[in-house]
Amino acid sequence: MELQNTVKEALNALYHHPDDTVRKQADRWLQDFQHTLDAWQVADNLLHDASSNLETLIFCSQTLRTKVQRDFEELPSEAFGPLRVSLNTLLKKFHKGPPKVRTQISIAVAALAVYVPAEDWGDGGIVNWLRDDMNSNPEYIPGFLELLTVLPEEVYNYNIAARPERRRQFEKELISQMEVALSILTACLSINELKEQVLEAFASWLRLKHGIHGSVLASHPLVITALSSLNSEFLSEAAVNVISELIHYTSAGSASDVALQMPLIQIIVPQVMNLKAHLKDSSKDEEDVKAIARLFADMGDSYVELIATGSDESMLIVNALLEVASHPEYYIASMSFNFWHSLQVILTKRDSHLPFGNEASIEAERKRRQDAFIHSYESLVSLVSFRVQYPQDYLNLSHEDRKEFKQTRYAVADILIDAASVLGGDATLQILYKKLVEAVSCCGNGEKNEWRPAEAALFCIQAISNYVSIVEAEVMPQVMSLLPKLPQQPQLLQTVCLTIGAYSKWLDSASNGLSMLASLIDILMSGMGTSEDSAAAAALAFKHICDDCRRKLCGYLDGLFHIYRRAVTGECSFKVSAEDSLHLVEALSMVVTELPPENAKRALEALCLPVVTPLQEAVSQGPEILNKKTARELTVHIDRFAYIFRYVKHPEAVADAIQRLWPIFKAIFDLRAWDMRTMESLCRACKYAVRTSGRFMGMTIGAMLEEIQGLYKQHHQPCFLYLSSEVIKIFGSDSSCATYLKNLIESLFLHTTRLLTNIQEFTARPDIADDCFLLASRCIRYCPQIFMPSEVFPSLVDCSMIGVTVQHREASNSILTFLSDIFDVTNSSKGEQYIPIRNSVVIPRGGSITRILIASLTGALPSSRFESVTYTLLALTRAYGALAVVWAKESVSLIPLTAVTEVERSRFLKALSDAASGFDINSLTLPIEEMSDVCRRNRTVQEIVQGALRPLELHLSPVSS
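These numbers were taken from a predicted model, which means no experiment stands behind them. (Residues numbered from 1 in each chain as written. Predicted model: local features only at pLDDT ≥ 70, side-chain atom pairs only at ≥ 80, totals over all residues. Heavy atoms only, no water.)

Participant: Looking at this structure, how should I read a nonpolar patch on the surface?
Facilitator: Together, Ile843, Leu883 and Val886 make up a nonpolar patch on the protein surface, roughly 210 Å² of accessible area in all. The topology assignment puts Leu883 in helix α51 (residues 866-892). By relative accessible area, Leu883 is classed as partly exposed at 34%. (Patch = residues over 30% accessible without salt bridge, like charges linked within 9 Å, V, L, I, M, F, W, Y side chains within 5 Å. Areas by Shrake-Rupley, 256 points an atom, 1.4 Å probe, with all protein chains shown as cover. Salt bridge = Lys/Arg side-chain N within 4 Å of Asp/Glu carboxyl O. Helix = DSSP H or I, 4+ residues; strand = E, 2+ residues; numbered from the N terminus. Buried < 20%, exposed > 50% of the residue type's maximum accessible area, 1.4 Å probe, protein only.)

Participant: How do you make sense of the pattern of salt bridges when you look at a structure like this?
Facilitator: Between side chains of opposite charge, pairing is possible as soon as their charged atoms come close. One pass over the structure, following the stated rule, counts 49 salt bridges. In this structure, Asp508 engages Lys552 in a salt bridge whose closest nitrogen and oxygen atoms are separated by 3.6 Å. Of this pair, Asp508 sits in helix α30 (residues 504-509) while Lys552 is found in helix α33 (residues 550-553), placing the two residues 44 residues apart along the sequence. The partly exposed category is assigned to Lys552, whose relative accessible area is 23%. A single salt-bridge network, built from bridges that share partners, covers Glu73, Arg163, Glu904 and Arg937.

Participant: Even after reading the chapter, I still don't get the nonpolar core, so can you show me in this structure?
Facilitator: Across soluble globular proteins, nonpolar side chains have a tendency to be buried as a group. Membership of the largest hydrophobic core comes to 338 residues, with the highest contact counts inside it found for Trp340, Phe641, Ile644, Phe645 and Phe787. In this structure Phe645 touches Val654, Ala657, Ile658, Leu661, Phe665, Ala685, Tyr688, Ala689 and Thr692, once residues within four positions along its chain are discounted. (Core = buried A, V, L, I, M, F, W, Y, C linked by side-chain atoms within 4.5 Å. Contact = heavy atoms within 4.5 Å.)

Participant: Would you explain the environment of Glu323 in this entry?
Facilitator: Turning to its location among the elements, Glu323 is positioned in helix α20 (residues 312-325). Expressed as a C-alpha distance, the spacing of Glu323 and Ser336, which sit 13 residues apart in the sequence, is 9.4 Å. Beyond its immediate chain neighbours, meaning those up to four positions away, Glu323 contacts Lys276, Leu279 and Lys280.

Participant: What am I meant to see in empty space enclosed by the protein here?
Facilitator: A probe as big as a water molecule, rolled over the atoms, marks out the empty space that is left. Under the defined criterion, the tally for this structure stands at three cavities of 30 Å³ or more. Considering the residues around the largest cavity, the lining is formed by Arg163, Pro164, Glu165, Glu904, Arg907, Phe908, Pro927, Glu930, Met931 and Val934. In terms of residue count, the dominant contributor to the lining of the largest cavity is helix α53 (residues 925-935) (four residues). When the residues that make up the lining of the largest cavity are grouped by side-chain class, the tally is five nonpolar, no polar and five charged. When its volume is computed, the second largest cavity comes out at roughly 50 Å³. (1 Å grid on protein atoms, 1.4 Å probe; cavity = no way out; pocket = protein on both sides within 12 Å on 5 of 7 lines; lining within 4 Å. Points joined across faces, edges and corners; volume = space filled by probe spheres on them. Nonpolar A, V, L, I, M, F, W, Y, C, P; charged D, E, K, R; others polar.)

Participant: Explain the side chain of Asp580 here, please?
Facilitator: Note on placement: Asp580 falls in helix α35 (residues 578-593). Within the buried set, Asp580 has no salt-bridge partner at all; the shortest N-O distance to an opposite charge, 9.5 Å, is to Lys543. One polar contact links Asp580 to Ser577, side chain to side chain, over a distance of 3.0 Å. Sequence-distant contacts of Asp580, defined by excluding residues within four places in its chain, comprise Ala536 and Ala539. (Lys, Arg positive; Asp, Glu negative; His and termini not counted. Polar contact = N/O pair within 3.5 Å; in protein donor to acceptor, adjacent residues only side chain to side chain.)

Participant: Is there a simple way to explain the UniProt feature "domain: Importin N-terminal" (unreviewed entry) in the protein chain in this structure?
Facilitator: Following the UniProt record, one finds the feature "domain: Importin N-terminal" (unreviewed entry) at residues 26-78. This span, residues 26-78, is 72% helix and 0% strand, and a straight line between its end C-alpha atoms measures 34 Å. (UniProt positions renumbered as here; feature names shortened; annotations may be inferred.)

Participant: Looking at this model, I keep getting lost on unusual backbone geometry. Mind explaining?
Facilitator: Trans is the prevailing form of peptide bonds, just as negative phi is the prevailing case for residues other than glycine. Its identity is not glycine, yet His716 carries a phi of approximately 50°, on the positive side. One can find His716 in the loop between α41 (699-715) and α42 (718-731). Within the chain, Arg950 stands out as a residue other than glycine whose phi angle is a positive 40°. The residue Arg950 is located in the segment after α54 (939-949) in this model.

Participant: I would appreciate a short explanation of the packing of aromatic side chains in the present structure.
Facilitator: One pair of aromatic rings is described through two measures. These are the centre distance and the angle between the planes. Considering all chains together, one arrives at 22 aromatic pairs under this definition. Ring centres of Phe561 and Tyr564 lie 6.0 Å apart, and the angle between their planes is 75°; on these two criteria the pair is classed as edge-to-face. Remark: Tyr564 and Phe561 occur in helix α34 (residues 557-569); sequence separation between them is three residues, near one turn of the helix. As far as burial versus exposure is concerned, Phe561 and Tyr564 are alike and both buried. Aromatic pair Tyr643 and Tyr647: ring centres 5.7 Å apart, planes at 45°, arrangement tilted. Note that Tyr643 and Tyr647 are positioned in helix α38 (residues 631-647) at a spacing of four residues, about one turn of the helix. Classification of Tyr643 by relative accessible area gives partly exposed; the value is 25%. The exposure class assigned to Tyr647 is buried, which follows from its relative accessible area of 18%. Grouping aromatic residues by their ring pairs yields a cluster made of Tyr390, Tyr394, Phe405 and Trp451. Taking NZ or CZ as reference, Arg402 lies 4.7 Å from the ring centre of Tyr394, over its face. Positioned over the ring face of Tyr871 is Arg878, at 5.5 Å from the centre of the ring. (Phe/Tyr/Trp six-rings, centres within 6.5 Å; stacked < 30°, edge-to-face > 60°. Lys NZ or Arg CZ within 6 Å of the ring centre and 35° of its normal.)

Participant: When you look at the layout of surface pockets in this model, what are you seeing that I'm missing?
Facilitator: Looking at the largest pocket, its volume works out to about 890 Å³. If you go around the largest pocket, you meet 37 residues; those closest to its centre are Tyr410, Phe459, Gln462, Gln494 and Leu498. Taken together, the elements giving at least two residues each to the lining of the largest pocket come down to α25 (399-423), α27 (451-463), α29 (490-502), α30 and α32 (532-548). Sort the elements by how many residues they give to the lining of the largest pocket and α25 lands first, with eight residues.

Participant: Mind showing me how you'd approach the side chain of Ser204 here?
Facilitator: Structurally, Ser204 can be placed in helix α12 (residues 195-206). Classification of Ser204 by relative accessible area gives buried; the value is 1%. A polar atom in the side chain of Ser204 sits 3.5 Å from the side chain of Glu153. Ser204 has contacts with Thr149, Pro152 and Glu153, leaving out every residue within four places of it along the chain.

Participant: I keep staring at the packing of helix α47 (residues 792-803) against helix α48 (residues 809-823) and nothing clicks. Help me out?
Facilitator: When two helices pack together, their arrangement is given by the angle between the helix axes and the distance between those axes. Relative to each other, α47 and α48 sit at 135°, their axes nearing to 10 Å. One element, α47, and the other, α48, form an angle in the oblique class. In this structure, α47 crosses over α48, and the sense of that crossing is left-handed. Residues Phe793, Leu796, Val797, Ser800 and Gly803 of α47 lie in contact with α48, whose contacting residues are Ile815, Phe818, Leu819 and Ile822. Here the contact of α47 with α48 is composed, by residue class, of seven nonpolar, two polar and no charged. (Axes fitted to C-alpha atoms, helices over the stretch in contact; angles between N-to-C directions. Parallel < 35°, antiparallel > 145°, perpendicular 65-115°, else oblique. Left-handed = near helix turned anticlockwise from the far one by under 90°.)

Participant: Would you mind showing me how to read the environment of Phe296 here?
Facilitator: By secondary structure assignment, the location of Phe296 is in helix α18 (residues 286-302). According to the relative accessible area criterion, Phe296 is buried, its value standing at 0%. Distance in space between the C-alpha atoms of Phe296 and Thr250 is 15 Å, their sequence separation being 46 residues. Every residue in contact with Phe296, bar those within four places of it in the chain, is listed here: Val272, Met273, Leu275, Lys276, Leu279, Ala320, Leu321 and Val324.

Participant: Is there a simple way to think about α47 in this case?
Facilitator: The end-to-end C-alpha separation of α47 is 16 Å, in line with the 16 Å expected for twelve residues at 1.5 Å each. The buried fraction of α47 is high, at nine of twelve residues. Among the residues making up α47, those that are buried are Val792, Phe793, Leu796, Val797, Cys799, Ser800, Met801, Ile802 and Gly803. (Expected span 1.5 Å × (residues − 1).)

Pasting the structure below:
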């Protein structure tokens, strides 16, 4: 009683106390209370207590539902009977509501059924038990109907901590009882006020997708009732849900299954087709139209393979979906979009037509089908293209509304791509060009907001650019000639710039492309000076033009450099942001790449000059001023060097450049080594210099590595490890560098292992852990001859065992990859020679590594890491065979049988044994995944398992099972 009163007081405080601190304390106490064993009895008592108020009833019903779902196993086995009686009593008590309470009680009973097998439940299972209770107590039917509704939904509710095997068994039990369930629902149809509830329950049972043949359902009273209500004046939401589920029901399974469902399909489709006229009926409620559109969309999505045959019957559904696509409300029209995409995939994929025999037959069938849908996709292009037009009040829209408009444009662009895939890009372009011509004529008539239709047409033309042939000579020259004539309104100019960039490949191949480029680059320069958005679009377009037309532009470097310097130095009216200026850096770098080596060196110097000048000035001002600058003042220039070194593909020229620049880079390394952002930027620039220059770097690479090796000891910047990783990739196999690289990695790893001595350090320094083990993996792949015999190899393995359970995703994955690379070392061409070294390190630690990996699999790491942990565990098993299975058996034997049964252990160990024997690992993941699920099924079990495996202890003596 005292605890019951405390719960009531806490609820009163939570909902009514004026002090926010008190409310938070009450909430925390109530959450903790829900995890206690006492919560069972207290919640049950208060639900039976007639004096409990609504707040108490809702909280206690939620608590009882949660306890059944998550903690049923903490009750003794004999508790099932009294619990079922109590829940049944409560279901009857609340049969008229409150609805929230009744729903929670219903879910609790359904969850109980998930745990308790039909034979233990008695009466042939819960459905028969429910039928008998409904017959005996007809006054409580509304409450029982809700239970019947939620019952099949609990099959897929993974909040219930049931074992996977039991969950599968429960699904089979429900499928076997489906006819009984539907007979109960059919009997309830006679109660008119329950018809909606009956249909909702029917829809719920249909989601099981099995159980009753289509020919039986075709004449079933529940189906007939749902279909007949489609024609009633007030469209029943429950009936629409039933028809929707029936459509999905008939399309579940293979093509042969669909053929078996044909009697039901032939009943559904005509009834839904009768609703087509309502799509354009202005007197219809919008929610009704939405429901009808949903049914057509469901038919399209579910029967798309049948529709793709192009039969006369299927074209009726296609025409109805065109009606949906034409609806003025976008959220209704967009319901059809998934169908148009799925149909396009079937029409264009060669695999879809393989059953038609030889190449000629396959191609003939593909063409026949595509021809059948040409008119439909042409209509679709016209129907959707207007939706991308800017609304007149765009500037006044909220941030969310603008975001929604952009998403609409992207969705329409995707549909246009689908259409272009079927019609061909050139044919789609012709449709859109007509709209552009109409729109441009409006621009000349002085109409208000006349730029919007032209912008919309151009946006659509830009969207299909990848599907328009680069030799198209009829429409694209006219489009390009129109662009300079358009008004330079900011949004229109932005789209004009993006269109120029999108057709850069066409411009390169066009016979008069070079003559067009001058006027088009003028447009891009206007874009750079008009608004931030148009400047961003222009910079991106400039990059695409320089990338694809680089050979044409090599003779016009002076003009390009003029634009580049204006954008990079910020000395003019250009509104190109620092981030977007990187597009221009990349653009010029790609043109320089096309130059012969002697010209490229001079061009690279010109490219670097406006970038290095501000850095030279910063360094020359002395240490005090340099240290006071913000990271951004430096990184904006250093990032440009990263792009230059990445995209100028002249190794010797880049090596010369980095050698000249090294004194400036070294000064920044020395004075700003404490500044993570500047160091990351500088290491990225050095990484690309190393990647591009390779062995041309000469002495500079030695100076660079000496610098980061020394600075890492003081500042422990993760990016120093990351840069070393790139060096290992390039120089790891170079025997002349072996001594230097050995000193480098031993120094870096020695200092890192001294830093990462416990899981708390891994948690505090995840970036160092991530980059350290990425570097270690690189060493295994590119210089195992240096790394594996070194003194740091065993230390790193120990370090990985400490940190593998770090919660940081990238750090954890890097450690797991490092371990699997060790186990998989024999996969490399010369890996066999390292087996003795590997074994001398791994075998003494094998039991602990296995235990820690199994702990990671069963709860020490989030379930999202399942694949990474599983791969590492299986790699260990493949490497060590029966010995690894022994290690696994020792680890699993630590877990109490209350958490994992002997059968579950055996399945898991058999999967590992099969992996050791060389079975395909893809076939072994299910028993491993079930072991993971079983051990995570609720908090109590997870704590028991982790308490037994103790992943943070490196050495643990195994016990016999």
